[in-house]
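Next come the chains, spelled out residue by residue.
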Amino acid sequence: MTAPGLLGNETVCYSGTMITTNGIFVHEDPMAFSLPIFIFQLVLIVLTCRLLMFLLKPLNQPRILAELIAGIILGPSAMGQCKWFVDVVFSRNSLALLETIANIGILYFVFVIGLEMDLSVIQKNGKKAFIFAISGIFLPFLIGCAFSFFLHHKTTMREDTFLIFLSISLSVTALPVVSRILSELRLLDMEIGKIVRSAALFNNTFGAAFVVFVISLAESQTVFSSSSTLWVIASSIIFILFSIFVVRPGISWLARRSTPEDENFTNFTISIVLGGVMIFGFISDSIGVHPSFGAFVFGLVFPNGPLAVTLVERLEDFITGFLLPLFFVTSGLKTNVSKIQGASTWFTLVMASILSSVGKVAGTVLVALSVKMPFREGVALGLLMNSKGLAELIGLNHGKDQKVIDDTAYAMMVITTILMNAVITPLLIQIYRPARKFVPYERRTIQKTKADAEMRILACIHTPRNAPTIISLLEASHPTKKTPISVFSLHLVELTGHGSATLIVHNSQKSDNTAVNRMQVQSDQITNAFKTLEQHTSFVSVQSLTSISPYSTMHEEICNLAEDKRVAFIIIPFHKQLTVDGGMESANSKIRMLNQNVLVNAPCSVGILVDRGLSGSKSLMAGQVSHNIAVLFFGGPDDREALSYAMRMSEHPGNSLNVIRFFPGLNAVELTMDQSHDLNDTGILTLQIGKEQDKQLDDDCIKEFRMMKATDESFSYIEKVVNNREETVAAIRALDNIHDLFLVGRGEGIISPLTAGLTEWSECPELGVIGDLLASADFAAAVSVLVVQQYVGVGPNDDRIGTPDNASQQEEQCIMASVRQ
């Protein structure tokens, strides 16, 4: 048989029945049968890709680069030089199956891309994105045309076809690669990320259309009549219109008929859709366009809804981890670097890649400056527009299969793809490292928020189950005409797959929209719950938002939003939730790391809410709120912040507040520094003075609040004298069970003889020693806990995003800075 692709023009004969072997015990070689050899090839490809990804990870290289290099290593450029490797591992009669499976993977991959395509991004950026796309194509296209005259004589291709293919290869932008780089660099939600994705979508559309046209034109000159090009273009347009006006309504009808309450679709529905991908690919191939075009159109016209979400969830991991690497590796297997001969050819090729990249950056920077975008953002945008990957490789493979591209030209264009991808991320990290902006607002803490000023609170919710408890806490926070509360409810949704991190602002005026997936159903439930809070509680304004991002970067979305909205307090749920038997179980281990990241990076005070039935309190109407609140005060800024919030809550006529302050007794062992230190040392004296000042601030804070509540019968103040951790724990356990909410400071960095040693038994350090004790299963009283950390700020030169690992290091730096002063 003769076939295009990896087999080229070679003739290969094999038995169609040789699929599986009878075993080595009957003297049959498994490597001579199609299924065993395919399995062996697949394992070898996946392992090679993973190894290269591991090696290239420190260099911040995209995944496609590792997969292309893996194909080149396994192909004729390296391992293919070994005759045994070619005859046994990648034998001629096994390549047809490998490439077929690879192309099936591409069909479903581009289908998923079409499913996840958000055309609203183009509508929002519109004209600006189109101008960036044109500017990113124009100069590289001209440079490709110029260099094609120097490189064409090295190939056997027609001059006009080679010119256009090389120019397209140098000028097109790969949208999937762009999205992956933006996600890795945490730029998805920034303005530059939105613009480059929109421009890349325009660019991809232009490149794909041009490749289809060129291949059709080349074929018309060799195989068909000149009218075949027009037939291909006309058929493609009719195909698209049929998909929009016939297929899309049909899929919508199928989705409505098969939408169950739990959104678990039948296998019949899923099978119809997956079969539809194949049918669209077959139609597309029949009219003379690559099958991936049909699969992409099918995904693009597919209506949003639970069915689309289910398909993405079921297909994504298998395609990206299993099938997609096969396509990039087969592209590498077709690449024979030895075909590129001569130092002058390599020099010309490298110069073409460099100059086209510089040209794309230059064109993008000029447009960026014209729209008053900073120079560095323009350079970063130009670098991102140089991303190469799927679109051009599909075009190159299709051109090679149709024999309009020879081996030498194919190798040249794959090498340009590798070269241009290899420099993007390292240069981008060096040139453009956006620091989190510092918004100069003063009221970053509850304590500093004036009594006659609005208090802004960011309430984070993972599931609708978190909403009632936080709403109960907000109801009890006593909003008045003089001290209103502005609430920003943020539904946190984990981003999985190829989608882009998104911040959705819900319009309170649009209440008749129908939810189309589980995430939107939950967002609607949360939005409606907070809307009810706004309607039934006076002087409360609510804005509902949804953040869709990976857990690894979700804290950045929270902190950036808190800074943009100038909030004073962030409320985040504890990672454990109440069970039916009264215990606590972990809802999601990723939430714990998220909470730790928020504590380190927050631009304001933070409260971690441990829910143990707080929403069960009577709070149907604002006037019926009734909570018995207790504050455990040991001293320090976190405890003062917790007390400040509790005092605000105590203004509510239905709430009662009990403040218990703990003092060290005469027998308490004061924790000091190592006695070997000189007591006259300036640093130690500074720390001692700071400790005395902190104690004075505690005394002043307690004194002020006691004077304010001198005539309030719902307020009580108790002092307890304890000598060690055992007496502290016993005193806390002995508290009355009338309380339904404890407020405690996190107490990070506070050294006290009253809590010394409790850290050894702490399960959740993010709660502090006292908060961890109250939230533990050993604590008999099932009382909700709010652990508060006061914002203390960082140095003016510290513009990085922190992590839990460097939190203590930051504290040490702050102490050393105060010592030097």
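Data block above holds the structure.
Source: prediction; values computed, not measured.

Q: Just give me the short version of the nonpolar core, but keep the residues and values in it.
A: The biggest cluster of nonpolar side chains holds 108 residues, and the ones touching the most others in it are Phe111, Phe298 and Phe302. At 13 residues, the largest contribution of residues to this core is made by helix α12 (residues 306-333). With residues up to four places along the chain from it excluded, the contact list for phenylalanine 298 reads Phe111, Val247, Ile251, Val273, Gly276, Val277 and Phe280. By size, the runner-up hydrophobic cluster in this structure holds 46 residues, among which are Val744, Leu773, Leu774 and Val787.

Q: Could you give an account of the packing of helix α2 (residues 63-74) against α12, with specific residues and numbers?
A: The relative placement of two packed helices comes down to the angle between their axes together with the axis-to-axis distance. Packing of α2 against α12 leaves a shortest axis separation of 7 Å and a crossing angle of 50°. Between α2 and α12, the crossing angle belongs to the class labelled oblique. Two packed elements cross with a definite hand, and for α2 against α12 that hand is right-handed. In this structure, α2 contributes Arg63, Ile64, Glu67, Leu68, Ala70, Gly71, Ile72 and Leu74 to the contact, and α12 contributes Thr320, Gly321, Pro325, Phe328, Val329, Ser331, Gly332 and Leu333.

Q: Please provide a residue-by-residue account of the pairing of strand β13 (residues 784-789), values included.
A: Buried residues dominate β13, accounting for six of its six residues. Neither face of β13 is exposed, since Ser784, Leu786 and Val788 on one face and Val785, Val787 and Gln789 on the opposite face are all buried. As paired elements, strand β12 (residues 741-745) and β13 share five bridges and run parallel to each other. Bridging across to β13, phenylalanine 742 finds its partner in valine 785.

Q: So what's going on with the pattern of salt bridges? Which residues, and what values?
A: Taken as a whole and assessed by the stated rule, the structure comprises twelve salt bridges. Salt-bridge contacts for glutamate 651 lead to lysine 709; the nearest nitrogen and oxygen are separated by 3.1 Å. With glutamate 651 in the loop between α21 (637-650) and β10 (656-664) and lysine 709 in the loop between α22 (682-708) and β11 (715-722), this pair connects stretches of sequence that are 58 residues apart. Residue classification places glutamate 651 among the partly exposed positions, given a relative accessible area of 41%. Several salt bridges converge on common partners, so that one network encompasses Glu651, Lys709 and Asp712.

Q: Talk me through the pairing of β12; I want residue IDs and the actual numbers.
A: Summarising burial for β12: five of the five residues are buried, a large majority. Side chains Leu741, Leu743 and Gly745 of β12 all project onto a buried face; the interleaved residues Phe742 and Val744 project onto the opposite face, where all are buried too. Alignment of strand β9 (residues 628-633) against β12, held across four bridges, turns out to be parallel. What sits directly across from alanine 630, in β12, is phenylalanine 742.

Q: Could you give an account of the side chain of threonine 728, with specific residues and numbers?
A: Checked against the element boundaries, threonine 728 lands in helix α23 (residues 725-733). Threonine 728 sits in the buried class, given a relative accessible area of 1%. A polar atom in the side chain of threonine 728 sits 2.9 Å from the backbone oxygen of asparagine 724. If we ignore the near neighbours within four places in the chain, the residues touching threonine 728 are Phe634, Val722 and Leu754.

Q: Tell me about the packing of aromatic side chains, and please be specific about residues and values.
A: Using the criterion set out here, one finds eleven aromatic pairs in the structure. Taking 6.2 Å as the distance between ring centres and 45° as the angle between the ring planes, the aromatic pair formed by phenylalanine 239 and phenylalanine 293 counts as tilted. Remark: phenylalanine 293 occurs in helix α11 (residues 291-301) and phenylalanine 239 occurs in helix α9 (residues 227-258); sequence separation between them is 54 residues. For phenylalanine 293, a relative accessible area of 23% corresponds to the partly exposed category. Taken together, a centroid distance of 4.6 Å and an interplanar angle of 35° make the contact between phenylalanine 280 and phenylalanine 298 tilted. Pair noted here: phenylalanine 280 is in helix α10 (residues 267-286) and phenylalanine 298 is in helix α11, with a separation of 18 residues, a long-range link.

Q: Break down the packing of helix α13 (residues 343-370) against helix α16 (residues 407-431) for me, citing the residues and quoting the values.
A: Two numbers describe how α13 lies on α16: the axes approach to 10 Å, and their chain directions differ by 50°. Taken together, the axes of α13 and α16 lie oblique to each other. α16 is crossed by α13, and the crossing has right-handed handedness. When α13 is examined against α16, the residues Thr345, Trp346, Leu349, Val350, Ser353, Ser356 and Ser357 are found in contact with a partner set consisting of Met412, Ile415, Thr416, Leu419 and Met420. Its residues assigned to classes, the contact of α13 with α16 comprises seven nonpolar, five polar and no charged.

Scoring rules and cut-offs
Residues numbered from 1 in each chain as written. Predicted model: local features only at pLDDT ≥ 70, side-chain atom pairs only at ≥ 80, totals over all residues. Heavy atoms only, no water. Core = buried A, V, L, I, M, F, W, Y, C linked by side-chain atoms within 4.5 Å. Buried < 20%, exposed > 50% of the residue type's maximum accessible area, 1.4 Å probe, protein only. Helix = DSSP H or I, 4+ residues; strand = E, 2+ residues; numbered from the N terminus. Contact = heavy atoms within 4.5 Å. Axes fitted to C-alpha atoms, helices over the stretch in contact; angles between N-to-C directions. Parallel < 35°, antiparallel > 145°, perpendicular 65-115°, else oblique. Left-handed = near helix turned anticlockwise from the far one by under 90°. Pairing = 2+ DSSP bridges. Salt bridge = Lys/Arg side-chain N within 4 Å of Asp/Glu carboxyl O. Polar contact = N/O pair within 3.5 Å; in protein donor to acceptor, adjacent residues only side chain to side chain. Phe/Tyr/Trp six-rings, centres within 6.5 Å; stacked < 30°, edge-to-face > 60°. Nonpolar A, V, L, I, M, F, W, Y, C, P; charged D, E, K, R; others polar.

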